[in-house]
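# Overview (structure and organization)
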Amino acid sequence: MAEIKRKNAKKKSTGAFIKDSFMTGISYMIPVIVGGGVLQAIAKMMGGYNIGADMATIDSFAKVIYLIGSSLWQFTVPAVAAFTAYAMADKPGIAPGLAMGALANSINTGFVGGLLGGILAGYVVLAIKKIKVPKNLQGIMPILIIPVFATLICGLIMYYILGRPISWGMTSLQNWLMSLNNGSKFILGAVIGAMMCFDMGGPISKTAAMFTNGLNADGFFIPTSAKMCSGMTAPLGIAFATFLGGKKKFDDVDRENAKSAFLLSFCYIEEAVIPYLVKDPVRVIASCMIGGAVTGGLCMVTMLESPAVHGGAFVIAMTSNPLLFIGLWLLGSCITGVLYAVLKKPLPVKEKETDGQS
């Protein structure tokens, strides 16, 4: 794997440096969490949704698939820690980062612990790399000195200083999420859904996605369904709107793009809405956010779980209630479609005439 080159690293602020490193860690983590989550979901589909709790009493092919998926899943937090450290300090950061991620799993600090451990490892490795050593020792720095001492230093800090507060915070967060009443659950889900449908793959929706992916990595799957199901409502809803609004409100290009939006909604690709968002941002955003908020809120209230963080329609069968997922997806899409079809202004007369002559 090639080392990261940072010609402009000195120009970056500390915040930008950490953010870029974190995003690199996330990009490496996503395939791990998707692979592990989907494999576990397939096993649940074959052997029952509670197969994880029954592993000791069964011996089946579904159990083997679940074991493979759960084994990969265990690398989710080490992956984000290792590659966050890698993005900060290149190859010497990988081993200490992996150790911090594994330690985060052991002391129950979860995704947040892995992230902070990766950042800590990155900075400690950078500090050790600045130490001047004799020429004959430079060759063993990246393979002996840095892995040993960086891992030891970071591990002690994580265990004795950072571990307990992070573990307490993560446990408190999950207990709080589980203790919410239906009204509060709906509000939380609605916020997730509205954020997912605000900028169609932009920073706001990515923030909501990172929050829910972090909870998913810690085994809390309900917000994941709110994220994915609401994200799928926007493109399908806009496609419905072009059908309902017809030629009076949508030109040929809009109606052609709607075909792509319809198909991409099944793939959980929100970017299909961007052409409409650019032309009519206020009405599109308002319509999509309302539909997404309703779907996200109902996902939380009904305790719908999705172990897979991505996959769209291809992983619906792996959710805790596939029919409910489909129903909430269609409900939010219909709300978005009807709202935008009503709110969208009719095309100017000249455009309609040109459209009719084409």
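In this text the structure is predicted, and so the values were computed from the model without any measurement. (Residues numbered from 1 in each chain as written. Predicted model: local features only at pLDDT ≥ 70, side-chain atom pairs only at ≥ 80, totals over all residues. Heavy atoms only, no water.)

### Digging into the overall build of the protein
The test is simple: Numbering of helices and strands starts at the N terminus; helices are DSSP runs of H or I of at least 4 residues and strands are runs of E of at least 2. In this analysis, two residues are considered to be in contact whenever any of their non-hydrogen atoms come within 4.5 Å of each other. Here the accessible surface of atoms and residues is derived via Shrake-Rupley with a 1.4 Å probe, and residues count as covered only by protein chains that are part of the display. Lys and Arg are tallied as positive, Asp and Glu as negative. Neither His nor the chain termini are counted. Charged side chains are reduced to one point each, which is NZ for Lys, CZ for Arg, CG for Asp and CD for Glu.
Along the backbone of the protein there are 15 helices and zero strands. Viewed in the frame of its principal axes, the protein has a C-alpha envelope of about 80 × 55 × 35 Å. Within the protein, contacts between residues separated by at least 24 positions form 78% of all contacts whose residues are at least 6 apart in sequence. About 17,100 Å² of surface is accessible on the protein, with carbon and sulfur atoms providing 69% of the total. When the 29 basic and 18 acidic side-chain charges of the protein are each reduced to a single mean position, those positions are 10 Å apart.

### Points about the packing of helix α1 (residues 14–47) against helix α5 (residues 110–129)
Keep this limit in mind: Where helices are involved, their axes are fitted lines through C-alpha atoms of the stretch in contact, as for all axes, and angles between N-to-C directions lie from 0 to 180°. Any angle between 65 and 115 degrees counts as roughly perpendicular, while under 35 counts as roughly parallel, over 145 as roughly antiparallel, and the rest as oblique. Two helices cross in a left-handed way if the nearer one is turned anticlockwise from the farther one by less than a right angle. They cross in a right-handed way if the turn is clockwise. Residues are grouped as follows: Ala, Val, Leu, Ile, Met, Phe, Trp, Tyr, Cys and Pro are nonpolar; Asp, Glu, Lys and Arg are charged; every other residue, Gly included, is polar.
Remark: α1 packs on α5, axes separated minimally by 11 Å, with the N-to-C direction vectors making an angle of 120°. Of the possible angle classes, the one that applies to α1 and α5 is oblique. Handedness of the crossing formed by α1 with α5: right-handed. In contact with T14, F17, I18, F22, I26 and M29 of α1, α5 contributes F111, L115, I119, Y123 and L126. Looking at side-chain class alone, the contact of α1 with α5 contains 10 nonpolar, one polar and no charged residues.

### Remarks on the pattern of salt bridges
The criterion, for reference: By definition here, a salt bridge exists when the distance from a side-chain nitrogen of Lys or Arg to a carboxyl oxygen of Asp or Glu is within 4 Å. Relative accessibility decides the category of a residue: with a 1.4 Å probe and only protein chains considered, values under 20% of the type maximum give buried, values over 50% give exposed, and everything between is partly exposed.
What the rule picks out here adds up to five salt bridges. K279 is the partner of D254 in a salt bridge, and the nearest nitrogen-oxygen pair spans 2.9 Å. Highlighted residues: D254 in helix α11 (residues 252–266) and K279 in helix α12 (residues 274–279), separated in sequence by 25 residues. Judged by its relative accessible area of 52%, K279 is exposed. Salt bridges linked by common partners bring D251, D254 and K279 together as one network.

### Quick notes on helix α8 (residues 182–196)
Our working rule: Expected helix span is taken as 1.5 Å per residue step, with the number of steps being one fewer than the number of residues.
Look at α8: 21 Å from first C-alpha to last across 15 residues, which is about the 21 Å you get at 1.5 Å a residue. Within α8, the full set of buried residues consists of K185, L188, G189, A190, I192, G193, A194 and M196.

### Observations regarding the environment of P348
Mapped onto the elements, P348 comes out in the loop between α14 (322–343) and α15 (349–357). The partly exposed category is assigned to P348, whose relative accessible area is 45%. Taking C-alpha positions, P348 is 8.9 Å from K248, a pair spaced 100 residues apart along the chain.

### Some details on a nonpolar patch on the surface
Rule in force here: Surface patches are defined over residues having more than 30% relative accessible area and no salt bridge, joining like charges when they lie within 9 Å and nonpolar side chains (Val, Leu, Ile, Met, Phe, Trp, Tyr) when within 5 Å.
Judged by side-chain polarity, L137, I140, I143, L144, V148, F149 and I153 come together as a nonpolar surface patch covering roughly 610 Å² of accessible area. No other element matches the five residues that helix α7 (residues 141–179) contributes to the nonpolar patch. Mapped onto the fold, L144 is located in helix α7.

### Focus: the confidence of the model for the protein
How we decide: The predictor rates its confidence in each residue with pLDDT, a number between 0 and 100.
Looking at the protein as a whole, the pLDDT averages 85, with 94% of positions reaching at least 70. For residues 1–5, every residue scores under 50 in pLDDT, and the model assigns this stretch 11 contacts once sequence neighbours within four places are set aside.

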